[in-house]
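The chain contents come next:
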Amino acid sequence: MKKYKIWMMLTACNLFWAGNYVFGKYLVNEMTPLWITFSRWSVASLLLLGIACIFEKPNWSVVIKHWRMYIAMGLLGLVGYNTVLYSALDYTSSTNAALVSALNPGVIVLFSVFLLKERLTRLQLGGMALSLLGVLVILTGGKLTQLLAMDFNRGDLLMIVAVLLWTGYSLLAKRIKEVPPITLTAMSAL
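Everything quoted here is computed from the prediction, not taken from an experiment. (Residues numbered from 1 in each chain as written. Predicted model: local features only at pLDDT ≥ 70, side-chain atom pairs only at ≥ 80, totals over all residues. Heavy atoms only, no water.)

The computed volume of the largest pocket comes to approximately 1300 Å³. Lining the largest pocket are 33 residues, and of these Cys 13, Phe 16, Trp 17, Arg 40 and Trp 41 sit closest to its centre. Elements represented by at least two residues in the lining of the largest pocket include exactly helix 1 (2-27), helix 2 (33-56), helix 4 (67-88), helix 5 (94-101), helix 8 (154-175) and helix 9 (181-189). Residue contributions to the lining of the largest pocket peak at 13 residues, all from helix 1. Of the residues that constitute the lining of the largest pocket, the class distribution is 24 nonpolar, eight polar and one charged. Here the second largest pocket defines a volume of roughly 260 Å³. If you go around the second largest pocket, you meet 16 residues; those closest to its centre are Leu 103, Val 107, Leu 132, Val 135 and Leu 136. Sorting the residues of the lining of the second largest pocket by element identifies helix 6 (104-115), helix 7 (122-140) and helix 8 as the ones contributing at least two each. Broken down by element, the residue count for the lining of the second largest pocket peaks at six residues, all from helix 7. Among the residues making up the lining of the second largest pocket, the classes are represented as 13 nonpolar, two polar and one charged. (1 Å grid on protein atoms, 1.4 Å probe; cavity = no way out; pocket = protein on both sides within 12 Å on 5 of 7 lines; lining within 4 Å. Points joined across faces, edges and corners; volume = space filled by probe spheres on them. Helix = DSSP H or I, 4+ residues; strand = E, 2+ residues; numbered from the N terminus. Nonpolar A, V, L, I, M, F, W, Y, C, P; charged D, E, K, R; others polar.)

Under the counting rule described, the total for this entry stands at five aromatic pairs. Between Trp 17 and Trp 166, the ring centres sit 6.1 Å apart and the planes meet at 70°, which makes this aromatic pair edge-to-face. In this pair, Trp 17 is assigned in helix 1 and Trp 166 in helix 8, connecting sequence segments 149 residues apart. Judged by centre distance (6.3 Å) and plane angle (35°), the ring pair of Phe 23 and Tyr 26 falls under tilted. Here Phe 23 pairs with Tyr 26, and both are found in helix 1, just three residues apart, close to one helical turn. Taking relative accessible area as the criterion, Phe 23 reaches 52% and is therefore assigned exposed. An aromatic cluster of three or more residues is present, and its members are Trp 17, Tyr 81, Trp 166 and Tyr 169. (Phe/Tyr/Trp six-rings, centres within 6.5 Å; stacked < 30°, edge-to-face > 60°. Buried < 20%, exposed > 50% of the residue type's maximum accessible area, 1.4 Å probe, protein only.)

Bringing the nonpolar core into the picture now. Core analysis: the largest hydrophobic core is formed by 37 residues, its most contacted members being Tyr 70, Met 73, Tyr 81, Leu 85, Met 159, Ile 176 and Leu 184. Breaking this core down by element, the ones donating at least two residues are helix 1, helix 2, helix 4, helix 5, helix 6, helix 8 and helix 9. Ranked by residues supplied to this core, first place goes to helix 4 with nine residues. Among residues more than four places away in sequence, those in contact with Ile 176 are His 66, Met 69, Tyr 70, Met 73 and Leu 184. (Core = buried A, V, L, I, M, F, W, Y, C linked by side-chain atoms within 4.5 Å. Contact = heavy atoms within 4.5 Å.)

With that settled, the discussion passes to the confidence of the model for the chain. Per-residue pLDDT for the chain has a mean of 90; in total, 98% of the residues score no lower than 70. Between the elements of the chain, mean pLDDT differs from a low of 82, seen in helix 7, to a high of 96, seen in helix 4. (pLDDT = per-residue confidence, 0-100.)

Turning our eyes to something else, we now look at the pattern of salt bridges. According to the stated counting rule, one finds two salt bridges in the structure shown. One salt bridge in this structure joins Glu 178 and Lys 65, with 3.9 Å as the shortest N-O distance. One end of the pair, Glu 178, is in the loop between helix 8 and helix 9; the other, Lys 65, is in the loop between helix 3 (60-64) and helix 4, and 113 residues separate them in sequence. Taking the relative accessible area as the measure of exposure, Glu 178 reaches 42% and is therefore partly exposed. (Salt bridge = Lys/Arg side-chain N within 4 Å of Asp/Glu carboxyl O.)

If you trace the backbone, Ser 101 turns up in helix 5. A relative accessible area of 7% means that Ser 101 is categorised as buried. Placed 61 residues apart in sequence, Ser 101 and Ala 162 show a C-alpha to C-alpha distance of 7.9 Å. Leave out the neighbours within four places in its chain, and Ser 101 touches Tyr 21, Tyr 81, Met 159 and Val 163. Only 2.6 Å separates the side chain of Ser 101 from the side chain of Tyr 21, close enough to count as a polar contact. (Polar contact = N/O pair within 3.5 Å; in protein donor to acceptor, adjacent residues only side chain to side chain.)

Spelled out as structure tokens, the structure:
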């Protein structure tokens, strides 16, 4: 039963993440990207704080000493990423936005190698190459030669900026090891 529950939670996580692009595409016609971001993270920060207090029981003296990092993380990953994402949805499809966003893990790994001096195993390198190839195959419809002639629209380019902002957020999060993950996300959301 436990394995079933884990798979259900992972599936729900992916559905919520993907739903953000579809729902965001609809919302940008009704609200500004900044207002969508503010509304979303205002509610989420309160929920996350409650969950963090119940399940992680953080040491608040340790948590509070990183307040500058939370501001930087919030500006990069929560305000920056989401505002640019919702702005991109004004110019591109939710499918394109999600596909470009699929570059996130690979970009984070690359920046981690160069900026944080992390080492890659062969398995990680192979996984990164396979995921990049998968994104490229989907973007080009299996015709990789189209990459040379592709014309990126403004929304796709904004999504690349969003990926870079999320990478910055992720790299900062890696530096705060003594704060539990839900607490860390809640504090950056605040």
